[in-house]
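# Observations on the three-dimensional arrangement
Residue-level listing of the chains:
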There are 4 protein chains.
Amino acid sequence: MFGLSERSQQYLGRVKAFMKEHVYPVEAEILAEITQKYGHANWREWQVPSKIEALKEKAKAEGLWNLFLPDSDLAAGLSTSEYAPLAEEMGRSVIAPEIFNCNAPDTGNMEVLYHFGTEAQKETWLAPLLRGEIRSVFGMTEPQVASSDATNMETRIIADGDEVVITGRKWWTTGLGHPNAKVAIVMGLTDPDADRHQRHSMVLVPLDAEGVNIERMLSVFGDYDAPYGHGEVSFDNVRVPKSNVIGKLGAGFAIAQGRLGPGRIHHCMRALGAAERSLELMITRGMSRVAFGQPLLKLGDNGTRVAKHRMAIDQARLYTMYTAGVIDSAGVRAAASEIAGIKAVVPTVLQNVVDDAIQIHGGGGLSHDYMLTAFYAVARALRLADGPDEVHQAMVLREELKKYRQDKS
Amino acid sequence: MFGLSERSQQYLGRVKAFMKEHVYPVEAEILAEITQKYGHANWREWQVPSKIEALKEKAKAEGLWNLFLPDSDLAAGLSTSEYAPLAEEMGRSVIAPEIFNCNAPDTGNMEVLYHFGTEAQKETWLAPLLRGEIRSVFGMTEPQVASSDATNMETRIIADGDEVVITGRKWWTTGLGHPNAKVAIVMGLTDPDADRHQRHSMVLVPLDAEGVNIERMLSVFGDYDAPYGHGEVSFDNVRVPKSNVIGKLGAGFAIAQGRLGPGRIHHCMRALGAAERSLELMITRGMSRVAFGQPLLKLGDNGTRVAKHRMAIDQARLYTMYTAGVIDSAGVRAAASEIAGIKAVVPTVLQNVVDDAIQIHGGGGLSHDYMLTAFYAVARALRLADGPDEVHQAMVLREELKKYRQDKS
Amino acid sequence: MFGLSERSQQYLGRVKAFMKEHVYPVEAEILAEITQKYGHANWREWQVPSKIEALKEKAKAEGLWNLFLPDSDLAAGLSTSEYAPLAEEMGRSVIAPEIFNCNAPDTGNMEVLYHFGTEAQKETWLAPLLRGEIRSVFGMTEPQVASSDATNMETRIIADGDEVVITGRKWWTTGLGHPNAKVAIVMGLTDPDADRHQRHSMVLVPLDAEGVNIERMLSVFGDYDAPYGHGEVSFDNVRVPKSNVIGKLGAGFAIAQGRLGPGRIHHCMRALGAAERSLELMITRGMSRVAFGQPLLKLGDNGTRVAKHRMAIDQARLYTMYTAGVIDSAGVRAAASEIAGIKAVVPTVLQNVVDDAIQIHGGGGLSHDYMLTAFYAVARALRLADGPDEVHQAMVLREELKKYRQDKS
Amino acid sequence: MFGLSERSQQYLGRVKAFMKEHVYPVEAEILAEITQKYGHANWREWQVPSKIEALKEKAKAEGLWNLFLPDSDLAAGLSTSEYAPLAEEMGRSVIAPEIFNCNAPDTGNMEVLYHFGTEAQKETWLAPLLRGEIRSVFGMTEPQVASSDATNMETRIIADGDEVVITGRKWWTTGLGHPNAKVAIVMGLTDPDADRHQRHSMVLVPLDAEGVNIERMLSVFGDYDAPYGHGEVSFDNVRVPKSNVIGKLGAGFAIAQGRLGPGRIHHCMRALGAAERSLELMITRGMSRVAFGQPLLKLGDNGTRVAKHRMAIDQARLYTMYTAGVIDSAGVRAAASEIAGIKAVVPTVLQNVVDDAIQIHGGGGLSHDYMLTAFYAVARALRLADGPDEVHQAMVLREELKKYRQDKS
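The model shown is predicted, which means the values in this text are computed figures rather than measured ones.

Time to look at the nonpolar core. Of all hydrophobic cores here, the largest spans 500 residues; its most connected members are Leu-67 of chain A, Leu-67 of chain B, Leu-67 of chain C together with Leu-67 of chain D. Those residues in contact with Leu-67 of chain B, other than ones at most four positions away along the chain, are Tyr-11, Ala-75, Ala-76, Leu-78, Tyr-83, Leu-86, Phe-100 and Cys-102 of chain B.

All right, on to the UniProt feature "domain: Acyl-CoA oxidase/dehydrogenase middle" (unreviewed entry) in chain A then. In the UniProt entry, the feature "domain: Acyl-CoA oxidase/dehydrogenase middle" (unreviewed entry) is given for residues 138-238 of chain A. Between the C-alpha atoms that bound residues 138-238 of chain A there is a distance of 16 Å. The span itself is 0% helix and 50% strand.

Here we come to the interface of chain B and chain A. Chain B puts 43 residues into the contact, and the matching count from chain A is 43 residues. Of all elements in the fold, only strand E3 (163-174), strand E9 (290-291), helix H10 (363-366), helix H11 (372-382) and helix H12 (389-408) of chain B reach the threshold of two or more residues within the side of chain B that touches chain A. For the side of chain B that touches chain A, the class distribution of residues is 20 nonpolar, 17 polar and 6 charged.

Another aspect to go through is the relation of the copies chain B and chain A. Placing chain B over chain A gives an RMSD of 0.0 Å and needs a rotation angle of 180 degrees, together with 0.0 Å of translation along the axis. Such a combination of rotation and displacement between the chain copies is what one expects of a two-fold axis. Taking C-alpha positions as reference, the residue of chain B nearest the rotation axis is Gly-222 of chain B, located at 2.5 Å. Same-surface contact between copies: 100% of interface residues of chain B are shared with the interface of chain A.

Take the pairing of strand E1 (residues 135-139) of chain A next. Residue and element names in this part refer to chain A. The element E1 is largely enclosed, with a buried count of 5 among its 5 residues. Covered by surrounding structure in E1 are Arg-135, Val-137 and Gly-139 together with Ser-136 and Phe-138, the residues of both alternating faces. As defined by bridge partners, E1 adjoins strand E4 (residues 181-189) across 5 bridges and the pair is classed as parallel. Bridging across to E4, Gly-139 finds its partner in Val-186.

Attention shifts here to helix H5 (residues 106-116) of chain C. Turn by turn, an α-helix covers 3.6 residues, leaving residues three or four places apart pointing in a common direction. All names here are of chain C. Taking burial as the measure, the 11 residues of H5 include 8 buried ones, the bulk of the element. Taken together, the buried positions of H5 are Asp-106, Thr-107, Gly-108, Asn-109, Met-110, Glu-111, Val-112 and Leu-113. Of the surrounding secondary structure, the elements contacted by the buried residues of H5 are helix H6 (119-130), strand E1 (135-139), strand E4 (181-189), strand E8 (245-246) and helix H7 (252-288).

The next thing to look at is the domain arrangement of chain A. Residues and elements named next belong to chain A. Domain boundaries assigned for chain A yield domain 1 (6-130), domain 2 (135-250) and domain 3 (253-408). Here the C-alpha centre of domain 3 lies 21 Å away from the C-alpha centre of domain 1. With 22 residues of domain 1 at the interface, the matching set in domain 3 holds 26 residues. By residue number, the principal contributor to the side of domain 1 that touches domain 3 is helix H3 (residues 80-91), which donates 8 residues.

This paragraph deals with the environment of Leu-350 of chain D. All names here are of chain D. Tracing the backbone shows Leu-350 in helix H9 (residues 336-361). Of the residues examined, Leu-350 has 32 C-beta atoms within 10 Å and is grouped as buried. In the structure, Leu-350 is positioned 294 residues away from Lys-56 in sequence and 27 Å away in space, judged by C-alpha atoms. Excluding residues within four positions of it along the chain, Leu-350 makes contact with Ala-271, Ala-274, Ala-275, Phe-375 and Ala-379.

The next subject is the UniProt feature "domain: Acyl-CoA dehydrogenase/oxidase C-terminal" (unreviewed entry) in chain A. UniProt annotation of "domain: Acyl-CoA dehydrogenase/oxidase C-terminal" (unreviewed entry) refers to residues 250-398 of chain A when read in the numbering used here. Structurally, residues 250-398 of chain A comprises 79% helix and 3% strand, and the distance from its first C-alpha atom to its last is 25 Å.

So, on to unusual backbone geometry. Omega for the bond connecting Ala-226 of chain C with Pro-227 of chain C falls within 30 degrees of zero, at 0 degrees, which places this linkage in the cis form. Locating Pro-227 of chain C in the fold gives a position in the loop between strand E6 (212-218) and strand E7 (230-241). Here Ala-104 of chain D and Pro-105 of chain D are connected by a cis peptide whose omega angle stands at 0 degrees. With respect to the helices and strands, Pro-105 of chain D occurs in the loop between helix H4 (96-99) and helix H5 (106-116). With phi around 55 degrees, Asn-101 of chain D is a residue other than glycine that occupies positive phi space. If you trace the backbone, Asn-101 of chain D turns up in the loop between H4 and H5. Look at Asn-237 of chain D: it is not a glycine, yet its phi comes out positive at around 50 degrees. Note on placement: Asn-237 of chain D falls in strand E7 (residues 230-241).

Rules used in this analysis
- Residues numbered from 1 in each chain as written.
- Chains lettered and ligands numbered in written order.
- Predicted model: local features only at pLDDT ≥ 70, side-chain atom pairs only at ≥ 80, totals over all residues.
- Core = buried A, V, L, I, M, F, W, Y, C linked by C-beta atoms within 7 Å.
- Buried ≥ 20, exposed ≤ 12 C-beta atoms within 10 Å, placed from the backbone.
- Contact = placed C-beta atoms within 7 Å.
- UniProt positions renumbered as here; feature names shortened; annotations may be inferred.
- Helix = DSSP H or I, 4+ residues; strand = E, 2+ residues; numbered from the N terminus.
- Nonpolar A, V, L, I, M, F, W, Y, C, P; charged D, E, K, R; others polar.
- Least-squares fit on C-alpha atoms with pLDDT ≥ 70 in both.
- Pairing = 2+ DSSP bridges.
- Domains from an automatic or database assignment.

Structure, rendered in structure tokens:
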């Protein structure tokens, strides 16, 4: 098992047991409820199914809570590598991460507050987030510019006396439709004349602040991802106290960089959990449905595809686990190539296996009758979220070419 | 232009002009109306946007109507090859086929009635379909069996005196949610002991017949494709007069076979129209958005992908046009390999180009702000509809191996 | 058959009959002779197997000779489209093109002389080439520069009184090892200050001229392609009379451009013939060898691959035939995107099918026991010869983007 | 470095230093000597370049010798995981493995003798092999049957009194052309009626035994891989003493199984070394050659391909290292899926990167001027040697489906 620590193995066993006992049995029912009641754009009507709230309580009671956080007092103190297999396990069900209080973007936001927040910020926002009472969002991508280049960002965060004033528009702000979403961490341009990576700031903006207008929820292929949602939101001269700035003005990129590594691991491991689940669904269906006198899995190249997915998933998992290990042992910077690499590789591994799993499910695979479409949306969105594949490929290339420049010296 | 007839070129020019003048200018507005008003599962509330009805009238008035039908009196009498480029043009907009009364599955159903219907059937159903007053659906795929093997079909069509009794369940019945949908052509099993391809029948079933229950609409990745929809419908001892049988009992496969060839051409050419449109959107976006100081098209392998899509689309179009030519000149049977081949190839060509076009649009590409998600749903569904890719690949293989068996004799 | 002319069909039948009767029966024997006697780098010892010379006489006697040349007096006067299927047929055997006096680069060189040569040049060089008495080569690619960009060329062709002086080095000069090779058409830089496409010249250089040094033959993966060979040759102040210049000094690119279109068709159609032959070998072997109780073709995804190759070959052939048609009807310039496109597509189609054919032949497929390695060398070299894939992809992209610039005006 | 042991790291440093100091500087010269002197089928003339013999002595003197052998007395006692990175390092040059006495198939043969040989067999054969004085070969694949299914094997090994009699034909017997090759381990059928995996035996056959006829060397794409070679050899009633049987009659498969795991790791790690080297060559060339005003690496999708190769290599290495770890800690059987998986994945990773490296080298890449063609031959042959890709994919599938059958119990 790639040197998993005993502690990690133990937690993994407990999370697996919880999934088996509590999540899988009610998953279909909950997903059907979401599809039927909340499968529309009117996000103000969305609710968290009561079964999810109940499961949150149960997970919290069992100590399977906030496991992503590398702090021994506030959580279990697991390292990135130790948490990674748990994230995979949670990724096997789209409803699971919230149940364990480990869902994006709250995990990343909590990490930012944990590492860079003031005591006041922690008390006001981190504490209720860790208790799972509120949700948070992260405002990064903007509709008017190619946000793959973060320096294109046009939202302004301007100091004005004891306040900062936020003006601009963000979209694909995940979780914005959640009824418990209370606060946004917004990233924006403060000083266009500063050094390229010292121009931007991060600031905490309560979603009920004046001037914050949630315009709409965006769908992924027509699915609104209730009760989380991906929102478009405008900031019209929103004023918050300067104490809401995280770190200091101009520190946005530095903070974003730190947030980066573990978040990538989480995303990728969850995606691999979804990939494993999809492969299971593909195989189970392929063995049980019969055409032309044979189980589907024996027809055409279906069997070969299963083998190829197994090899792709195993490699992608090792790549991600290895990256987590480097982050833990040598830091984010040492893993620059790999952090980009896994982000360029894993979502496509998932997209490919779900696509094949859909195919073997026939028409049903396209519908919400199975969880494949949800996984497909995860995969397809993840190829853009947090930087498109192409940006990560370019980063891998850049890191590769650095080796040759160093040789010159 | 691959030997396009003068008549075909002329119609192509007129359809292009109509698209430019009447369809493209209102397309975004109509799609937004559909998304906002009808983007949900409550199909009984769906309406056809009034602008579409107006455009139907205009197309009919201009004689750009029923062009798919190879009859000189009822329509323009275009051959499959002559109509093919028009289908491509219509495929450039998801709203266009209905406007020209050329949308699936009505086209296929009208062809069935045209070739195999009785005079009474033609008068009752073909005539209003040709006038665009009503819509029809085709009940083929079933939820409980691998429908890629059509002989798995479990719906029963049993003669009982002057009536036939239909019992079973169909899904992915396209167009079932349309407010004008009035009749289904249902295929089912009549005589399980007959020769393998003489067991099934096709029968006309009015959708208001007793025992016909439209259970729900199915979504493709969460999109319900309003106002058409893909429905699940049960037939509970539905009784229709024997005169509703098309051809005769047991003739279902023979009729389906005849329906096959031109329908494939239509599907594939429309898909290629969508592919061309997607490539245009990809290029336009790629030239206008800037990241890292360059238009996106100059970054990474984006430009190379454009070239590859151009080559893939051009080849797929020639493949489809060639197939149409063989159908016209030598019949469906002579084109067996190619009819399967284009169905295995073209939807993936479309899926690939849309996927890349989405990618270059960033987050926006995933939303309904552009028409890319609609094209993506077309592509992904088409890889299953009318037989999955794998069945068509198997057919190409079978036809290939026949050459070697013939050599033995 | 895609509107093949009657004349073309008739010649096709005759070439097929010739191949069946005269070429296939002796092919293995001739290839074994070449492998055993000439499978080494000592090109001065290479001979043309006598059986080939005999077959040349027979083909000439039957009028299956110089069919590539679009002249009714000197040859059959076939258009590019009419000759294309004959080229495919000849491509099915690596020894066939020479037998029909239709092998590269002689065909291209003869076309150059035919279109641009003086009467004296025609008499001296074209006439014996058309009779198949001598062979010619084309000196283009150079070892010291990236020859994918032809303007990088460093060989100098300088006028000096009544003579021109050639100095430089060429490699991958195909056919240079052939015992009958007598003359090279050499392309080089004459005026570095002229307009970018008017700097280069083409000149006829007898291979026995003083200063012409054939340095060595280059192998493709270790195969020297005897008795043709790909040579490296240096020109050390080689002096030829000015009358050896083709067209005029500075006209090199213009002439190369004209040589381009039909040559691409020939290359690609021959490659498709090799692809068809490879697919046949793959299927025949796959049906006859048994493992784990099944013919190999039934195992894994072997069958699916056959289907995919069939679809790829058919599409690539239509693409090439269509391009030939545009060249014939509208000229090379009108087919710019397609001429680049087929060159980027077809060699890879061949490489893929040969690679799979090799795989199904097991170890034997890697050896010269079958003709697969020869086809593989053809494919792999063709992905570089006459411009690498990447240059052609870039050309397709450039042509595609032109459409958008035109819209601006 | 994935938990590499200190001992392994230390040896890795030493092997790297040896490669840098002694191998790379003479590599081109040695390869040119081999190409020029021994690039032909007349294997009886082949010699080991004297520089290689000198380097063998040096490596032996430095204790960089037999590192593959997990025995502390005879060698360094490295585990599979510890040796793996050294194998990668050696794989960077096709001449290196022999220099360190770590080349296939001698390594596998030595392991067989080490684990299963009698004292007499060890003294006679293992000892001189470990000293690097002689070479050995392994006779497995046969020309007349699909050897991907080893039970197809037709060579007979029959007991006859104190002797066993070997009759049959093997090919692709690697190393058979080496001047020092003295002995073959031959696998063949002893008892066709025994249990499927107890029918075969392994026996030591001196190459000078009567009835052993080396028929010829086979080329890979025309390259004979001198001074090793891949031979075809017939056994015509060859008699050897019964004491030459390894283990006992009928134990062939059991022994082969044990030989399997570490050998796969060696093959794959060497292939990854070749892949790294090829990627370096690709990048170095891509940065130094200029076309259209840019280094090649900046053109088209060349840069993206470098990134993709980096990600593919890194994943494949982790997959292989992980497999080595499982072998070391839990045995070959526990790693069944992975041992098959790496063999199905790694050779293609290498083939892809070499193919692209060749492409960026232009024509030169196809010749023996660079070592790319040698690496290409390694990759292509490895996709067949030791079981074709397809057999390994089928094995991965089989292992995957086992999980579902176990669930039933």
